[in-house]
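What follows is each chain in one-letter form.
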Amino acid sequence: MKLFIYILSGVLTFLNVHQFSFNHADGTHLPLNEFSGKKILLVNISTVSPLNYQLRGLQELHRLYKDSLVIIGVPSLSL
C-alpha cells in the first residue's frame, strides 16, 4: 500500500509514503521514492539494547524477500 492515512484534528489526509525521506547514519539522504514498486518495512531498532538479537530476524527477512521488500532500520536511543 502506498498511502499513509493520518487523522489530524478530524481531517482525513492521504500521504504517499514515497514523499518521505531519511538520513543515513553518515548524513547522506535516503529518499523513499528510490524504492517505488517495492514494499517498505520501517523498523525502529536499537543497536545497543539486549534486544539487538532481533536484527538477525530482519537480516533473514532481507535474504528471503530482497527482490520485493526493503527493510529500513530507524535507530532509537536505548538507555
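Residues numbered from 1 in each chain as written. Predicted model: local features only at pLDDT ≥ 70, side-chain atom pairs only at ≥ 80, totals over all residues. Heavy atoms only, no water.

Trainee: Please provide a residue-by-residue account of the overall build of the protein chain, values included.
Mentor: Each helix and strand in the protein chain was counted, giving one helix and six strands. Residues classed as buried in the protein chain amount to 16% of the 79 residues present. Counting every atom, the protein chain has about 6,400 Å² of accessible surface; 59% of that belongs to carbon and sulfur. (Helix = DSSP H or I, 4+ residues; strand = E, 2+ residues; numbered from the N terminus. Buried < 20%, exposed > 50% of the residue type's maximum accessible area, 1.4 Å probe, protein only. Areas by Shrake-Rupley, 256 points an atom, 1.4 Å probe, with all protein chains shown as cover.)

Trainee: Give a description of a nonpolar patch on the surface that names residues and reports values.
Mentor: Residues Leu 41, Leu 61, Leu 64 and Tyr 65 make up a contiguous nonpolar surface patch of about 330 Å² in total accessible area. Ranked by residue count, the leading element in the nonpolar patch is helix H1 (residues 55–65), at three residues. Within the fold, Leu 41 resides in strand S5 (residues 39–45). Relative accessible area serves as the criterion here: at 31%, Leu 41 is assigned to the partly exposed category. (Patch = residues over 30% accessible without salt bridge, like charges linked within 9 Å, V, L, I, M, F, W, Y side chains within 5 Å. Salt bridge = Lys/Arg side-chain N within 4 Å of Asp/Glu carboxyl O.)

Trainee: How would you summarise the confidence of the model for the protein chain if you had to cite specific residues and measurements?
Mentor: Confidence in the prediction of the protein chain, expressed as mean pLDDT, is 76, and 72% of residues score 70 or more. Highest mean pLDDT in the protein chain belongs to strand S4 (residues 29–31) (89); lowest belongs to strand S1 (residues 3–8) (51). (pLDDT = per-residue confidence, 0-100.)

Trainee: A description of the layout of surface pockets should follow, citing residues and the corresponding values.
Mentor: Looking at the second largest pocket, its volume works out to about 190 Å³. Every residue lining the second largest pocket is listed: Phe 22, Asn 23, His 24, Ala 25, Leu 30, Phe 35, Ile 72, Gly 73, Val 74 and Pro 75. Of all the secondary-structure elements, those providing two or more residues to the lining of the second largest pocket are strand S3 (21–23) and strand S6 (69–75). A per-element tally of the lining of the second largest pocket places S6 first, with four residues. Here the lining of the second largest pocket is composed, by residue class, of seven nonpolar, three polar and no charged. (1 Å grid on protein atoms, 1.4 Å probe; cavity = no way out; pocket = protein on both sides within 12 Å on 5 of 7 lines; lining within 4 Å. Points joined across faces, edges and corners; volume = space filled by probe spheres on them. Nonpolar A, V, L, I, M, F, W, Y, C, P; charged D, E, K, R; others polar.)

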